Amino acid sequence: MSGVLRMAKAVYVDTSPTAINGKRKKKPHYVYDGEEVFEVNRLTKLKNIDEVFIDTLFPEIYEEVLELLKRNIEVYLLKNTRMLKKLRLENNMEKSDGNDSILLSKISKDCFRLLTIQEMEKKVKLCPLINKYKLLSRRIKTLKTWINRDGYEYKLKDDVRLMEKDKEEVAQKIIETLSNDVIYKEVCRLLGFRDSVEVAILTIELPLHLPLNTLKKIVGLTPNRNDGRFNHDLREHLSQLATSIYMNSKRWKDKWEVPKEFKEVIDSLPYRKAVYKLQSRILKMFRKAYFLANDQANNLTGR
């Protein structure tokens with residue numbers, strides 16, 4: 001007598017970065033199980049499931065997703081969040097977390113990407129290092145501003161030197177952790193870098209599965225700066241990387257192997273306009289590296 005096949009139990013989740021210990025107003029994850037919508041504060045509270053489909057992968061939920069994967073629960077990430085807006089219009093539904101969790105269930109599985117334990121372990125490991133790097137960067141900038149503005153150092157320069165040493169050590173740990181990442185290595189190659197902590201941070205934090213136009217909105221690279229609703233932190237890292245490329249190109253001229261299209265921008269535009277335009281070009285490089293990584297992964301699995 002043949003066994004009875006059991007359908008995989010799936011849930012669809014509109015994720016929140018503030019479900020647990022959020023700095024902003026606390027908001028739970030909204031879950032649709034095919035019958036009803038309910039709330040959970042942790043994805044790990046979900047029981048008797050085989051598949052979880054999520055709209056967004058926030059750093060705040062990395063550990064939750066990793067725990068699900070280690071429990072042999074497959075977690076899928078939506079490749080293009082614009083599909084939710086399209087479905088909202090088609091179904092005449094208001095924008096809400098509960099409605100979005102229901103709409104996720106109407107999207108083909110092919111439109112999601114399966115997350116892996118390896119990539120989530122890397123993200124979990126890098127997250128505290130990146131946070132420490134950002135904290136040190138902010139404190140160093142503040143102290144240097146005080147010194148330059150007031151003219152009194154009160155031995156603050158010694159503190160700055162110690163922090164800069166710590167920052168460099170953290171940067172090296174970030175680079176070492178990501179040194180074998182295909183996307184990171186390819187972006188560095190395309191940009192002419194041997195290593196770069198800014199490239200490493202952007203590799204981890206940019207949602208590269210999204211279309212280029214969507215990425216530009218996320219970092220405010222639109223004519224209206226997306227009405228101020230953009231990720232200022234990511235934009236800062238992108239700007240730092242563009243500035244580094246600009247300065248190195250000017251300093252080393254022909255010795256710096258900057259891409260030809262970057263060189264044309266740097267030579268033809270003033271500093272501010274050049275740095276702004278370079279940021280869009282850099283995003284294109286990241287997307288190019290992302291597709292290369294996917295092609296390599298597909299070739300390895302024979303797909």
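For the structure, see preceding data.
All of the points below concern the structure found in this document. Given the structure is predicted, the values throughout are model-derived calculations rather than measurements.

Applying the stated criterion across every chain, the model contains five aromatic pairs. Residues F53 and Y76 carry aromatic rings whose centres are separated by 4.8 Å and whose planes lie at 10 degrees to one another, so their mutual orientation is stacked. Here F53 is found in strand β4 (residues 51-54), whereas its partner Y76 is found in strand β5 (residues 74-78), with 23 residues between them in sequence. There is no split in this pair, since F53 and Y76 are both buried. Aromatic pair Y246 and Y271: ring centres 5.1 Å apart, planes at 75 degrees, arrangement edge-to-face. Linking Y246 in helix α9 (residues 232-252) with Y271 in helix α11 (residues 271-300), this pair joins segments that are 25 residues apart in sequence. Take Y271: its relative accessible area is 36%, and that puts it in the partly exposed class. Through pairs of rings, three or more aromatic residues link up here, namely Y12, F53, Y76 and F112.

Further remarks concern the environment of L202. Locating L202 in the fold gives a position in helix α7 (residues 197-205). Other than its neighbours up to four places away in sequence, L202 contacts L234, H237, L238, L241 and F286.

The terminal C-alpha atoms of helix α5 (residues 156-178) lie 33 Å apart, and with 23 residues this matches the ideal 33 Å at 1.5 Å per residue to within 8%. Buried within α5 are the following residues: L156, V160, M163, V170, A171, I174, I175 and L178. The inward-facing, buried residues of α5 abut α4 (117-150), α6 (182-191) and α7.

Conventions adopted
- Residues numbered from 1 in each chain as written.
- Predicted model: local features only at pLDDT ≥ 70, side-chain atom pairs only at ≥ 80, totals over all residues.
- Heavy atoms only, no water.
- Phe/Tyr/Trp six-rings, centres within 6.5 Å; stacked < 30°, edge-to-face > 60°.
- Helix = DSSP H or I, 4+ residues; strand = E, 2+ residues; numbered from the N terminus.
- Buried < 20%, exposed > 50% of the residue type's maximum accessible area, 1.4 Å probe, protein only.
- Contact = heavy atoms within 4.5 Å.
- Expected span 1.5 Å × (residues − 1).

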